[in-house]
Amino acid sequence: MVFDAIVIGVGSMGAATCYQLAKRGQRVLGLEQFGIVHDEGSHTGQSRIIRKAYFEHPDYVPLLESAYAGWQTLEEESGTQLYWPVGLAYFGEPGNPVLVEAQSSAQAYQLPLERKPPSYFPSFQLPTDWECWLEPEAGYLSPELAIRAFAQMAQHHGAEIRTQQRVMDLEVAGTEVVVRTEQEEFKARKLVITAGAFIKDLVNLSVPLQVTRQYLAWTETDPFGTPEAPCWVIAEPGTPGIYYGFPQTEHLPGPRGMKFGHHRPGDEWIPHLPDGIPAETKVLNGVLDRYFHRDLTIGEWATCKYTYSEDEHFILDFLPEYNQQVIVATGFSGHGFKFVPVIGEILADLVQKESTEHPAGFLGLGRFSR
Ligand SMILES: Cc1cc2nc3c(=O)[nH]c(=O)nc-3n(C[C@H](O)[C@H](O)[C@H](O)COP(=O)(O)OP(=O)(O)OC[C@H]3O[C@@H](n4cnc5c(N)ncnc54)[C@H](O)[C@@H]3O)c2cc1C
């Protein structure tokens, strides 16, 4: 059998792509090297922030509008809550680029972003000259529940999903793409590669990608005392990236306490390092000491992988050497999860029409050669 499309990697982006293609009546095969949801990729750790006042670039905002609609559709179809709209607080010095760019995206697209006094966030101890902003149409998603829901709904719409099938190589033969796993060979008209941190084992991209190790920590006690507390971002002067965190999520599997971390490129992924290495412990304990009133200690750790592109923007495109038959989605650079439904739509469009009406042209490979 020749499938309309094969999707390599049924993680975040791949599960949504299988769902979109199957829902549109395409014969789709998803191949996943592990199980649906596992700790080896980029998608575990209980929660992911979703927000619209995008400080990374305002061009993402229209994609986010579509992503929000996609999350709602998936919640309705699967009957599962995936999004908790608790809001997101931004803290930083006046003029800090994260705050300035979030405001600029909010203004450009008339998104709600409200200035609040520090007393609005009583659990935090913040420098008196800092600004506090609240984005009410933000919150967090459960990546584990979302990927399972996408995979289940994809199968419900007719997708075939095979787990424990590691793709070893691929080849274009005329109008077909041939994909070989350790066990079998499959054929399709189009191939979508959503292999996350493992992409370099499958194809050579003409642009560099860096896989880095990221740490997540949970405090032993809950600093907020309410699951309705907003997610937060701290843009500290002189520190690269941002610190971020979540309210305690008692309704989701995983550790209790406040989950938090440091979003920045980080160090290259080296397997088998212990979790919570001393340098990271020092950094994250410093965040607890500097910015929270209560005495907090770290109770649990987890690690996860980022796949960075050179400019920290996503890469969604055909691979030039494969004659419009192989599509790649990579370089999500630690901020891709909130976009999952719209990435699935875009990749399904590229499979079906070789183009998309979503304004995603700024994420093409061509930007690196201009
Ligand atoms: C600690 C951390 C915090 C984050 N926080 C946020 C956040 O708050 N908000 C946000 O929007 N984003 C966040 N992200 C980013 C987001 O989670 C990622 O961008 C997203 O999960 C990447 O999805 P993916 O599909 O590329 O990778 P994955 O979800 O890892 O999926 C790739 C899949 O491909 C499979 N695969 C690979 N190679 C093969 C092969 N040869 N054969 C078969 N299968 C294969 C893998 O096993 C895997 O299942 C965070 C990421 C991390 C690590």
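If you're wondering where the values come from, they're calculated on a predicted model, not measured in any experiment.

Rules used in this analysis
Residues numbered from 1 in each chain as written. Predicted model: local features only at pLDDT ≥ 70, side-chain atom pairs only at ≥ 80, totals over all residues. Heavy atoms only, no water. Near = heavy atom within 4 Å. Polar contact = N/O pair within 3.5 Å; in protein donor to acceptor, adjacent residues only side chain to side chain. Areas by Shrake-Rupley, 256 points an atom, 1.4 Å probe, with all protein chains shown as cover. Helix = DSSP H or I, 4+ residues; strand = E, 2+ residues; numbered from the N terminus. Nonpolar A, V, L, I, M, F, W, Y, C, P; charged D, E, K, R; others polar. Domains from an automatic or database assignment. Core = buried A, V, L, I, M, F, W, Y, C linked by side-chain atoms within 4.5 Å. Buried < 20%, exposed > 50% of the residue type's maximum accessible area, 1.4 Å probe, protein only. Contact = heavy atoms within 4.5 Å. Salt bridge = Lys/Arg side-chain N within 4 Å of Asp/Glu carboxyl O.

**Student:** I keep staring at the site of the ligand and nothing clicks. Help me out?
**Tutor:** Near the ligand, the surroundings consist of 34 residues, among which Ser12, Glu32, His38, Ile49 and Cys304 are the closest. Note that an oxygen atom of the ligand is positioned 3.0 Å from one of the backbone N or O atoms of Met13. Within the side chain of Lys338, an N or O atom sits 2.7 Å from an oxygen atom of the ligand. Starting from 1,000 Å² of accessible surface for the ligand in isolation, the protein chains cover 97%. Counting residues per element, the ones that place at least two in the shell around the ligand are helix H1 (12-23), strand E3 (48-50) and strand E18 (298-309). Per element, the largest residue contribution to the shell around the ligand is three residues, and it comes from E18. When the residues that make up the shell around the ligand are grouped by side-chain class, the tally is 15 nonpolar, 14 polar and five charged. Here the shell around the ligand spans two domains, since at least three of its residues come from each of domain 1 (2-46 + 144-207 + 311-369) and domain 2 (87-138 + 210-309).

**Student:** Mind showing me how you'd approach the nonpolar core here?
**Tutor:** Membership of the largest hydrophobic core comes to 79 residues, with the highest contact counts inside it found for Trp71, Tyr90 and Phe339. If you tally residues by element for this core, the top one is helix H6 (residues 340-353), at eight residues. When residues are assigned to domains, this core turns out to be shared by domain 1 (2-46 + 144-207 + 311-369) and domain 2 (87-138 + 210-309), each giving three or more. Setting aside residues up to four positions removed in sequence, Tyr90 forms contacts with Arg51, Ala53, Phe55, Val98, Leu99, Ala102, Leu113, Glu131, Cys132, Trp133, Glu135 and Val233. Counting residues in each nonpolar core, the second largest holds 26 residues, with Ile6, Leu29, Ala188 and Val326 among its members.

**Student:** Honestly, the pattern of salt bridges in this entry has me stumped. Any pointers?
**Tutor:** Oppositely charged side chains can pair when the atoms bearing their charge come close. Tallying each qualifying case throughout the model produces 19 salt bridges. A salt bridge links Arg27 to Asp4; the nearest nitrogen and oxygen atoms lie 3.1 Å apart. With a gap of 23 residues between them, Arg27 in the loop between H1 and strand E2 (28-31) and Asp4 in strand E1 (residues 2-8) connect regions that are remote in the sequence. The partly exposed category is assigned to Arg27, whose relative accessible area is 42%. Look at Asp4 and you get buried, because its relative accessible area is 10%. Across the pair Arg367 and Asp311 runs a salt bridge, and its minimum N-O distance is 2.6 Å. With a gap of 56 residues between them, Arg367 in the segment after H6 and Asp311 in the loop between E18 and strand E19 (315-318) connect regions that are remote in the sequence. Assessed through its relative accessible area of 29%, Asp311 is described here as partly exposed.

**Student:** Looking at this model, I keep getting lost on unusual backbone geometry. Mind explaining?
**Tutor:** Only a minority of non-glycine residues have a phi that is not negative, and only a minority of peptide bonds are not trans. Of note in the backbone geometry, Glu312 takes a positive phi value of approximately 65 degrees without being a glycine. Of the residues examined, Glu312 reaches a relative accessible area of 37% and is grouped as partly exposed. Residues other than glycine seldom take positive phi values, yet Asn323 does so here, at roughly 55 degrees. Locating Asn323 in the fold gives a position in the loop between E19 and strand E20 (326-330). Judged by its relative accessible area of 57%, Asn323 is exposed.

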